[in-house]
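Chain and residue survey
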Amino acid sequence: LTVVEYSSYPLTLVIAVKPANVQRHMVGSGSDGTEDSDSSAEREQTNSSESDGNMPKRQRLTRASTRLSQSSQDTPDLKRAADHDESPPLTPTGNAPSSESELDISSPNASHDESQAKDQASRDSDKDLSHRPKRRRCHETYNFNMKCPTPGCNSLGHLTGKHERHFAVSGCPLYHNLSADECKVKAISREKQEEEVKGQEENNSRHATRHQSRYKEQVSEMRKGRSSGLQKEQKEKHMEHRQTHSNTREPLLENITSEYDLELFRKAQARASEDLEKLRIQGQITEGSNMIKTILFGRYELDTWYHSPYPEEYARLGRLYVCEFCLKYMKSQTILRRHMAKCVWKHPPGDEVYRKGGISVFEVDGKKNKIYCQNLCLLAKLFLDHKTLYYDVEPFLFYVMTEADNTGCHLVGYFSKEKNSFLNYNVSCILTMPQYMRQGFGKMLIDFSYLLSKVEEKVGSPERPLSDLGLISYRSYWKEVLLRYMYNFQGKEISIKEISQETAVNPVDIVSTLQSLQMLKYWKGKHLVLKRQDLIDEWRAKEIKRGNSNKTIDPSSLKWTPPKGT
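Model, not experiment: these values are computed from the prediction.

Calculation criteria
Residues numbered from 1 in each chain as written. Predicted model: local features only at pLDDT ≥ 70, side-chain atom pairs only at ≥ 80, totals over all residues. Heavy atoms only, no water. Helix = DSSP H or I, 4+ residues; strand = E, 2+ residues; numbered from the N terminus. Buried < 20%, exposed > 50% of the residue type's maximum accessible area, 1.4 Å probe, protein only. Contact = heavy atoms within 4.5 Å. Areas by Shrake-Rupley, 256 points an atom, 1.4 Å probe, with all protein chains shown as cover. Pairing = 2+ DSSP bridges. Axes fitted to C-alpha atoms, helices over the stretch in contact; angles between N-to-C directions. Parallel < 35°, antiparallel > 145°, perpendicular 65-115°, else oblique. Nonpolar A, V, L, I, M, F, W, Y, C, P; charged D, E, K, R; others polar. UniProt positions renumbered as here; feature names shortened; annotations may be inferred. Salt bridge = Lys/Arg side-chain N within 4 Å of Asp/Glu carboxyl O. Expected span 1.5 Å × (residues − 1). Patch = residues over 30% accessible without salt bridge, like charges linked within 9 Å, V, L, I, M, F, W, Y side chains within 5 Å. Phe/Tyr/Trp six-rings, centres within 6.5 Å; stacked < 30°, edge-to-face > 60°. Lys NZ or Arg CZ within 6 Å of the ring centre and 35° of its normal.

What follows covers the overall build of the protein. In terms of regular secondary structure, the protein is built from 17 helices and 15 strands. When each of the 566 residues of the protein is scored for burial, the buried share is 37%. Long-range pairs, those at least 24 residues apart, make up 57% of the contacts in the protein between residues at least 6 apart in sequence. If you sum the accessible surface of the protein, you get close to 35100 Å²; carbon and sulfur atoms cover 49% of it.

Listed below in C-alpha cells is the structure:
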C-alpha cells in the first residue's frame, strides 16, 4: 500500500495498490518540483535498506502512515476492501476527480531503469531545493465543481488561449462567440504580431518621431476602410443573435467598426482576462468571486460594479437577493419572498437623528448592530473600488439615509465615521445607492456630515483616498459652499481660516478648490483670493432655477448630540 498525505489536506488519504515494477510516486512534491521532507526521507531510508541487507531498517513514518499501520493491525481485510472498492478515490478538495490527471498516479508501464533514474534526479533536486518552504497547492489546482455561468458552456478553453479551463465570463470563449481552438489561434497570431512590433521598434528607435507619424498614417488608412453602417441582412443577423441569447452572450461586433479597432478591443479583452486569471492563481480572488453580476434589492435590479467578499457559496451565484430593510442576503427569489413575509424590520436599527418630510437619517452603532453594519459594508463594496472595511465595524458609527413611503424606509445611502478620529475625519466611507444617484442625495449626505462637524465644533475632511465619483461629489460640494460664502460676504478682506471655521471645511480642501476655480493668486509676495463675479452669478442662476428643492439639509431638523468620548 502506498500512503498519500497531502500537506494542505492532512485528513484526506488516497490508497492505491502499487505493483512491484511501478516507480514510487512522489506524493509529497510541491508544484515546483520540490519534495516534502517526510516523503523524501522515507524513500531514501527504504532504498538504503534494500541495497544493504545487513543494516537495520529505519523508516521515518508520517502521522498518517502511523495511524494507517495501527488501523491495519485491527482490520486485516483493509487491502481486500481497497481492491474491491469500485468508487473513485477522493481528490484533495473532497470531490470525485473528473480527470485522470487529478489522481496523478504513475503509469504501470514505466520501466524499472527509468524509475531509478527519476528517483536519483529527485534526490539531487531535493538537496538543492531543500531550503525552500513548502508551497500550498490549493491555488494551483482547479476546483472541478466550479462551472462557467454561461449557459451551454463546459468550462473548457480560455479567451487568452493559454489556459485549459475557465470559471468566469471574462475568460469564456463561448460568451465571446468563439471556440477554444479559435482562441488558441488568435493567441498565437497576437504573439507573432507583438514580436514583429518589437523588432520594428528596435529598428526605428533612432527615428522615433518619423516612425510615430508613419504609424498614425497607417492607422488612419485602416480606419477609413470601415463600413458606414450595417446592411439589412447583417442587422437581421445581429437582432436574431440578441433575441436568441439575450445577455448570456456578447453582441456580435463584426462590421460595426473597422477591423483595426475591433482587433484592439479583442486584445484588451484578452489582456484583462489574463490579469484576472493571474489574480485567481495567486489567490487574491477565488473562483467565482467576480460572478455576482446583479442583485435584487427591493423593487430594483442593480448591476454590480466591483467584487465584494461575500461567502463563497453566495459569491458563486450570478444574482444575489438582498432584503432592503435588514440587508440579509439570500440565494433565491423564494427564500427572499419567505423572508419578507416574516421580516419585522421597516427601517434601519439605531436612533433616528434627522427627519424632514420623507427623508430620515439613522445613527447606527457598529458595536450594537454588528451584523447589520457588516451586511451594509458588503453591499457597499459592490459599488466602491477602494473600500477595505468589511467586518471590523465596531469602532465606527454609520449614518444611514432613507426615504419613507407606506411600505417602509428605503435605503438611499450612508456614510461611516470613526468614533475617535485623530485626524478629524468626518467621513470614512460614503455611498449613494445607484438607483438614487444624480438626484442630489450625495450632496445631502456630504452636507449632513459637515453639519455634524459644526455641532461638534470641529473642522472635518473626508478620509483619503476618495473614489472617482466621491471626488467629483466633494469637489462640487466645496465649490457650492465657497460660492455661497462669497455671495453672502460683504467685507473687503477675507480669510481662509474664517471660511473654515464657518463652513467646517478643512483649509487644505478650501485652498485646493480655490485653485481649481482660479480664485487664488500670488501677487507681490501675498496670496490673494479673487471674487469672481461671473462664477457667483452662474451659481446664483442655478440656485434660482432649482427653486425650493427638498434635497437640502435643514439644521433645525437635527436632533443629535455628539457621542461621549468623541
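Before going further, it helps to spend a moment on the sheet that holds strand S8 (residues 359-365). Taken in spatial order, the 5 strands line up as S7-S8-S9-S10-S12 in an open sheet, and their pairing is antiparallel. Two strands lie at the open edges of the sheet, namely strand S7 (351-356) and strand S12 (429-432), each paired on one side alone. Direction aside, neighbouring strands of the sheet carry axes that sit 20° apart on average. Pairing of strand S9 (residues 396-405) with strand S10 (residues 408-418) involves 10 bridges; the strand directions are antiparallel. Paired with Val-400 across the strands is Tyr-414, a residue of S10. In the packing of helix H13 (residues 441-455) onto the sheet, contacts are made with S7, S8, S9, S10 and S12, and the angle to S10 comes to roughly 45°.

This part is about the sheet that holds strand S6 (residues 329-330). In sheet architecture, strand pairing relies on hydrogen bonds along the backbone and comes in two forms, parallel and antiparallel. Pairing is mixed across the open sheet formed by 4 strands, whose spatial order is S4-S3-S5-S6. Because the sheet does not close on itself, it has two edges, and the strands there are strand S4 (300-303) and S6. Note that strand S3 (residues 294-297) and strand S5 (residues 319-322) share 4 bridges and pair parallel. When the bridges of S5 are listed, Thr-294 appears paired with Arg-319.

Before going further, it helps to examine the packing of helix H14 (residues 468-488) against helix H16 (residues 507-516). Direction vectors running N to C along H14 and H16 enclose 85°, while the axes themselves pass 10 Å from each other. Overall, the two elements H14 and H16 adopt an arrangement that is roughly perpendicular. Each of Trp-478, Lys-479, Leu-482 and Met-486 in H14 lies in contact with H16, whose residues at this interface are Asp-509, Ile-510, Thr-513 and Leu-514. Of the residues assigned to the contact of H14 with H16, the class counts are 5 nonpolar, 1 polar and 2 charged.

Here, UniProt's "active site" (unreviewed entry) annotation points to Glu-463. Within the secondary structure, Glu-463 is located in the loop between strand S13 (461-462) and H14. Overall, the relative accessible area of 27% leaves Glu-463 in the partly exposed class. Among all residues touching Glu-463, those that are not within four sequence positions of it are Glu-418, Tyr-425, Val-427 and Ser-428.

Let us now look at the pairing of S5. On a regular strand, each side chain points to the face opposite its neighbour's, so the side chains alternate between the two faces of the sheet. Relative to S6, S5 runs antiparallel, the two sharing 2 bridges. The partner of Val-322 across the bridge, within S6, is Tyr-329.

Applying the stated criterion across every chain, the model contains 14 salt bridges. Residue Arg-319 pairs with Glu-301 through a salt bridge whose shortest N-O separation is 2.7 Å. Highlighted residues: Arg-319 in strand S5 and Glu-301 in strand S4, separated in sequence by 18 residues. In this structure Arg-319 comes out as partly exposed when scored by relative accessible area, which is 32%.

Time to look at the environment of Glu-493. Along the chain, the position of Glu-493 falls in the loop between H14 and helix H15 (496-503). The spacing of Glu-493 and Leu-528 is 35 residues in sequence and 9.5 Å in space, taken between C-alpha atoms.

Glancing now at H14. Between its first and last C-alpha, H14 extends 31 Å over 21 residues, near the 30 Å set by a 1.5 Å rise per residue. Turning to H14, its buried residues are Gly-470, Tyr-474, Tyr-477, Trp-478, Glu-480, Val-481, Leu-482, Leu-483, Tyr-485 and Met-486.

Time to look at a nonpolar patch on the surface. Residues Trp-305, Tyr-306, Leu-469 and Ile-472 make up a contiguous nonpolar surface patch of about 410 Å² in total accessible area. Mapped onto the fold, Trp-305 is located in the loop between S4 and helix H10 (312-315).

Summed over all chains, the structure comprises 14 aromatic pairs. Taken together through their ring pairs, the aromatic side chains of Tyr-354, Tyr-399, Phe-415 and Phe-448 make up a single cluster. The residue whose ring lies beneath Lys-331 is Tyr-314, and the NZ or CZ to ring-centre distance is 5.4 Å.

With an omega of 0°, the peptide bond running from Arg-464 to Pro-465 counts as cis. Among the structural elements, Pro-465 can be located in the loop between S13 and H14. At Arg-438, a position not held by glycine, the phi torsion is positive, near 60°. If you trace the backbone, Arg-438 turns up in the loop between S12 and H13. Accessibility expressed as a relative area gives 87% for Arg-438, which makes it exposed. One non-glycine residue with positive phi stands out, namely Lys-524, at about 55°. Structurally, the position occupied by Lys-524 is in the loop between strand S14 (520-523) and strand S15 (526-529). A relative accessible area of 68% places Lys-524 in the exposed class.

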